[in-house]
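A closer look at the structure
One letter stands for each residue in the lines below.
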Amino acid sequence: MFAPALPIYTESLVLADAAFGSHPGLGAAELPEPRNPLDSWHRAVILGGRGDYAAARTELRRLRRSSADPVLLSLAASTEASLLRQLGWHARASAADGRAAALIVPIHLDAPGRDGPDRLDASCDALTGLAADALGTGRLALATRLLSRAQDAIGADGALGPDGALDIDQPRWRARVRWHWVCAETALASGEAGPATVHAETALRLARRSPSIRHRVKSLLLVAAASAAVGETTRALSLAETVTAECRAYGLLPLRWASAMLRAGVSVGSAAADATAEAAACAATIGRRGGRFR
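Here's a quick rundown of the structure.

**A word on the overall build of the protein chain**
Of the regular secondary structure elements, the protein chain holds 13 helices and zero strands. Beginning at the N terminus, the succession of helices and strands in the protein chain can be written as α-α-α-α-α-α-α-α-α-α-α-α-α. In the protein chain, buried positions account for 52% of the 294 residues. In the protein chain, the proportion of contacts linking residues at least 24 apart, taken out of those at least 6 apart, comes to 60%.

**Things to note about the side chain of aspartate 125**
You can see aspartate 125 is positioned in helix α6 (residues 119–136). At 2.9 Å, the side chain of aspartate 125 and the side chain of arginine 174 are in polar contact. Dropping the residues within four chain positions of it, aspartate 125 is found in contact with Trp41, Leu75, Ser78, Asp97, Arg174 and Arg178.

**Some words on helix α8 (residues 173–189)**
Counted at 1.5 Å a residue, the expected span for α8 with its 17 residues is 24 Å, and the 24 Å between its end C-alpha atoms agrees. The buried fraction of α8 is high, at 13 of 17 residues. Glycine 191 occupies a position one or two residues after α8 and carries a positive phi of about 75°.

**Considerations on the environment of glycine 265**
Residue position: glycine 265 is located in helix α12 (residues 253–266). Note: C-alpha distance between glycine 265 and threonine 233 (32 residues apart in sequence) is 9.5 Å.

**What about the nonpolar core?**
Leu31, Trp41, Ile46, Leu63 and Leu75 are the most contacted members of the largest nonpolar core, which totals 32 residues. At the level of secondary structure, the elements contributing two or more residues to this core comprise α1 (10–20), α2 (37–49), α3 (53–66), α4 (70–86), α5 (90–103) and α13 (269–288). If you tally residues by element for this core, the top one is α4, at eight residues. Apart from residues no more than four positions distant in its own chain, leucine 63 is found in contact with Pro37, Ser40, Trp41, Leu72, Leu73 and Ala76. In this structure, Val177, Ala203, Leu239 and Leu252 belong to the second largest nonpolar core, which totals 23 residues.

**Points about the packing of aromatic side chains**
For the coordinates displayed, the defined rule picks out two aromatic pairs. Between phenylalanine 20 and tryptophan 41, the ring centres sit 5.5 Å apart and the planes meet at 45°, which makes this aromatic pair tilted. Of the two residues, phenylalanine 20 sits in helix α1 while tryptophan 41 sits in helix α2, which places them 21 residues apart along the sequence. Among the residues examined, phenylalanine 20 registers a relative accessible area of 13% and is labelled buried. Measuring from ring centre to ring centre gives 4.9 Å for tryptophan 257 and phenylalanine 293, while their planes differ by 35°; the resulting arrangement is tilted. In this pair, tryptophan 257 is assigned in helix α12 and phenylalanine 293 in the segment after α13, connecting sequence segments 36 residues apart. You can call tryptophan 257 partly exposed: its relative accessible area is 22%. Over the aromatic face of tryptophan 89 sits the side chain of arginine 92, whose NZ or CZ is 5.1 Å from the ring centroid.

**Details of the pattern of salt bridges**
Any two side chains of opposite charge can pair, so long as their charged atoms come close to each other. With the rule as written, the count across this model stands at 21 salt bridges. Where arginine 35 meets glutamate 11, a salt bridge forms, and the shortest distance between an N and an O atom there is 3.3 Å. Remark: glutamate 11 occurs in helix α1 and arginine 35 occurs in the loop between α1 and α2; sequence separation between them is 24 residues.

**Overview of the state of the cysteines**
Across all of its chains, the model carries zero disulfides by this definition. Lacking any disulfide linkage, cysteine 247 is separated from the closest cysteine sulfur, that of cysteine 282, by 8.5 Å. Accessibility expressed as a relative area gives 2% for cysteine 247, which makes it buried.

**Quick notes on the packing of α5 against α6**
As a packed pair, α5 and α6 sit with axes 8 Å apart at the nearest point and diverge in direction by 155°. In terms of their interaxial angle, α5 and α6 are classed as roughly antiparallel. Two packed elements cross with a definite hand, and for α5 against α6 that hand is left-handed. Residue-level inspection shows His90, Ala93, Ser94, Asp97, Gly98, Ala100, Ala101 and Leu103 of α5 in contact with α6, the latter providing Arg119, Asp125, Ala126, Gly129, Leu130, Ala132, Asp133 and Gly136.

**Looking at the packing of α8 against helix α10 (residues 213–229)**
Two numbers describe how α8 lies on α10: the axes approach to 11 Å, and their chain directions differ by 20°. In terms of orientation, α8 lies roughly parallel with respect to α10. Crossing of α8 over α10 shows left-handed handedness. Here Trp173, Arg174, Val177, Trp181, Ala184, Glu185 and Leu188 of α8 come into contact with α10, specifically with His215, Lys218, Ser219, Leu222, Ala225, Ala226 and Ala229. In terms of residue class, the contact of α8 with α10 is built from nine nonpolar, two polar and three charged.

Conventions adopted
Residues numbered from 1 in each chain as written. Predicted model: local features only at pLDDT ≥ 70, side-chain atom pairs only at ≥ 80, totals over all residues. Heavy atoms only, no water. Helix = DSSP H or I, 4+ residues; strand = E, 2+ residues; numbered from the N terminus. Buried < 20%, exposed > 50% of the residue type's maximum accessible area, 1.4 Å probe, protein only. Contact = heavy atoms within 4.5 Å. Polar contact = N/O pair within 3.5 Å; in protein donor to acceptor, adjacent residues only side chain to side chain. Expected span 1.5 Å × (residues − 1). Core = buried A, V, L, I, M, F, W, Y, C linked by side-chain atoms within 4.5 Å. Phe/Tyr/Trp six-rings, centres within 6.5 Å; stacked < 30°, edge-to-face > 60°. Lys NZ or Arg CZ within 6 Å of the ring centre and 35° of its normal. Salt bridge = Lys/Arg side-chain N within 4 Å of Asp/Glu carboxyl O. Disulfide = S-S within 2.5 Å. Axes fitted to C-alpha atoms, helices over the stretch in contact; angles between N-to-C directions. Parallel < 35°, antiparallel > 145°, perpendicular 65-115°, else oblique. Left-handed = near helix turned anticlockwise from the far one by under 90°. Nonpolar A, V, L, I, M, F, W, Y, C, P; charged D, E, K, R; others polar.

Here it is in structure tokens:
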């Protein structure tokens, strides 16, 4: 299905920037109302990044009621899966990611002129999400196969360099950052700290070239986790403290919870106790906002 270009409203630009740009700290009351289904997706992404789970789910329901576009419906399903994964519900997330993949198979490039994300963006979200779901349920071999399929999809748009590696100078930065995230997490789960560090550092380099503060912060958190895995606890703690400060500044509650958990694991004494208390406080706030941990 070809989706015609949408009118560009100031509200739409604000939402796109808050979702994938330099202002992720806008709260629900500060966000413009959506003018179209793409705006609704951006609102859901923003709210999910802030840990406003109930509000994010409401926005995804609004998108599903207002759009028949398979790309946006696929992205909505992938976003629903991401919200579930953040809370530890990987098996349930895999069902949502499966729906996302089914909506855009077979994968092909959209005709020129489409406004916003296209089928390839949606397919990368779905495949990378399915890999993360498999990882979270202990199926590392499946996660690796799905990551290979996601890499093939990204490469279909010329994002692979001549040596077969993901080229950081090519477009679709978000798909590639997310791919490196899950590659790093899969390597960590497999006990391969070296490859995990390479993927985490690559994600951070990509994120720093992108407009997205949120992607930069999460990438830095993964570098911190990989540093801890190779025994560089001082570096891990320093990076995690930087992540925590950025999360406080921008209201990125789920990442703040994750960074507090990491700090609790690499700190000692009162610092470990303080980080544990901060993680518990974040979890309690997440619960009040509609997020239930598994």
